[in-house]
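Fold and geometry: a report
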Amino acid sequence: MFAAAMAATSCIPSIRATFADISYPSDPPASAPRNLALTVDSALLSTLIVAYERPREAGACLADLAAKAATLEAMYSYGDCMAGGGTRPDCFSRLPWFTPRKGAGSASFELHLGCSSPPSNEADRLALTLSLDDAAVAIVSYQIAALGPDVIHTPPPPPLLAAFHGALAHASRLLLADPVPVQDPNWPALSLSGGAANGAFAAGYLYALLWMRETARGYASPAQCTVLDGERFGSASGSSVGSLISLPLDLYFTDAKPPPELGPALAACIREGSAKAPRSDRPLQECALAKLEHDFVANEWDLLCAQPGSALDLLKPASKSLLRFDPLDENTLVPFFRTFGALTRDNAFRRTSTAADLGQGVLGAVDERACRLPGMNADVCEREAILASVSEPVLAPSRDRIYSGLTGPGGEGGIWFDGGLQSVNPAARSVGATRGKVLALNMYRATSSPTASAEGFAPVILGTLTTIVTRMIGWETSYAGLEQHRREAHACEVGGLLGMTALCTRGAPGAAAPTMEPRLMSVSVPEDIAPAQLFASGYTFDPVVMRGLFLWGERAFLRSRAQVLDFLDWCVPAALERGAPCSGAEGTSPAFATAVRDHEQKVLRELDGYKQYQAPGVWKKHQQERKDLVNRHMKICAH
């Protein structure tokens, strides 16, 4: 027996040998050629997909411009002029749509976009002009970053111009595929960070916000309901679990009446939530709230299966991951898109999921409008976007393909993983998706989670990742706020040169700037969360932790609801509860105020039950019970 054990041990490689194998593999990974089309698209797409009142008109004009080789050369020349230190008035001559204005007046240039049918309103024409300006600067900035500053004032190589054309054409296709011809570009946008099981916090926060909005409808006057219809979000950008949370939001903001055949599925969905008396007139919204409440309090085996084999198999070159998301795909994603996909793709809510390609080192984004393009398998397009966005390296395998619309129905091959590898909270992308405000929800504490020790390989790795993620979120949300101010200054500068002030909210050029109200609110897991065990590392999906985080998300919104509603300019719930000003929709409802307070007290009572886990030994016992349950219930993935 002892000899057999010694023989088995001798087969296990030493730490030194393992390090040597990792550092100098027998078959070193081969370098791959640069996918210029994908890389340039990643760098430019967020400058081109911006908020429009009539996105199809902007898409049609952009398609016309992208089809002309002279446009690409002129835009590159303009970007080159700006990179060389030129001013916009000096560089405008490089672009064919600007002509000097003759005669007196404050405007220096006239705008003639040169497409067969320019956008029909001034704000959209200016928004398109600004986006072309940003894209021109971005393409030259990309070339400088790739090759160095000596490329300034040198002609662009044809492959770069071809990739530039591809990015412009890609953006035009997405805008043309928008299902809603006219929409409000000022609706606020959501930005949802990654965070795995900690996503339950954001799910709870949004549940409380939308529950309050939905409950207000039951107490509002007809005039208040009309105003309330416009108090909504217009888009969401999500990374990792943030992309998953955006699914019930997409359903919630679907205004279409569901077909009768969805009745049984909607009834089953609503039963999973805690609503005691579902409203028959808004079943999609009731279902969406139920999914926020139910889908983000789950067990590991509800979402994951374990790869077959032993731990030693992880050292083999062909090893891909510990786990797979087969149950999540089969039990959540497939039913959602089969049942609701056609409805959510046709609504006015735009959802974007991010994913990172390790092969090319770029951040990809799947705008759900890509899944409406001709020839696209819409359900596969949407499922693969989510699965790529939630898959962390080592824990889950990469996805081979996403379907962003760049190269058609065949999709974009790569090594696609969690979007959080490059953008934990895509707040800057959300800034471009609206002319209004952005609510950025983060699944971590703003200052990370303190720990007494980090002993063992896994805790050190997970603690390192948490620290990096926390810093990335802080940087990204700060940058997004600066990007809002840059866009405002850009609109005022270019608009002033053209005599177009539609997007400049700070007054006429040269006038004293008014005080700028905050336009981005960043919300993190509160520092006073208790018990401290309410944090999930890696792929630990413990219903006790997730329900606690969900409740804390609700509490975080409810205790700051006055500030959040005021920030979002959602005045109807505030008017009903506390008599806040709401032009054309005044009126309080003591019954509504009581309902909100009762819900808040219900949340606090349930949270009070979590005090039991602060007792010595109770949490350790719970952890051991969870470990036993995972070993019993988690299935081995099918080959």
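Here's what I pulled together on the structure shown here. (Residues numbered from 1 in each chain as written. Predicted model: local features only at pLDDT ≥ 70, side-chain atom pairs only at ≥ 80, totals over all residues. Heavy atoms only, no water.)

With respect to the helices and strands, the residue Asp357 is situated in strand E7 (residues 350-357). Among the polar contacts listed, one links the side chain of Asp357 to the backbone nitrogen of Gly359, at a separation of 3.0 Å. (Helix = DSSP H or I, 4+ residues; strand = E, 2+ residues; numbered from the N terminus. Polar contact = N/O pair within 3.5 Å; in protein donor to acceptor, adjacent residues only side chain to side chain.)

One can find Phe567 in helix H20 (residues 561-568). Overall, the relative accessible area of 7% leaves Phe567 in the buried class. Separated by 128 residues in sequence, Phe567 and Leu439 have C-alpha atoms that sit 9.0 Å apart. Phe567 has contacts with Lys437, Val438, Pro518, Arg519, Leu520 and Met521, leaving out every residue within four places of it along the chain. (Buried < 20%, exposed > 50% of the residue type's maximum accessible area, 1.4 Å probe, protein only. Contact = heavy atoms within 4.5 Å.)

This next bit is on the side chain of Asn425. Mapped onto the secondary structure, Asn425 falls in the loop between strand E10 (412-418) and helix H17 (427-432). Among the polar contacts listed, one links the side chain of Asn425 to the side chain of Ser191, at a separation of 2.2 Å. For Asn425, the side chain forms a polar contact with the main-chain oxygen of Leu441, separated by 3.3 Å. Setting aside residues no more than four positions away along its own chain, Asn425 makes contact with Ser191, Leu192, Ser193, Ala440, Leu441, Asn442, Ile473, Glu476 and Thr477.

Let's shift gears to the environment of His170. By secondary structure assignment, the location of His170 is in helix H8 (residues 158-176). The class for His170 is buried, based on a relative accessible area of 0%. With residues near it in sequence (within four places) discarded, His170 still touches Asp41, Leu45, Ser404, Gly405 and Leu406. In terms of polar contacts, His170 uses its side chain to reach the backbone carbonyl oxygen of Ser404, at 2.6 Å. A distance of 3.5 Å separates a polar atom in the side chain of His170 from the backbone nitrogen of Leu406.

Let us look at the packing of helix H10 (residues 222-229) against helix H21 (residues 571-578). Running from amino to carboxyl end, H10 crosses H21 at an angle of 140 degrees, the nearest separation of the two axes being 8 Å. The angle between H10 and H21 falls in the class oblique. From H10, Gln224, Val227 and Leu228 reach across to H21, where they touch Cys571, Val572, Pro573 and Leu576. Class assignment for the residues of the contact of H10 with H21 results in six nonpolar, one polar and no charged. (Axes fitted to C-alpha atoms, helices over the stretch in contact; angles between N-to-C directions. Parallel < 35°, antiparallel > 145°, perpendicular 65-115°, else oblique. Nonpolar A, V, L, I, M, F, W, Y, C, P; charged D, E, K, R; others polar.)

It is worth stressing that arrangement in space is one thing and function is another; only the former is reported here.
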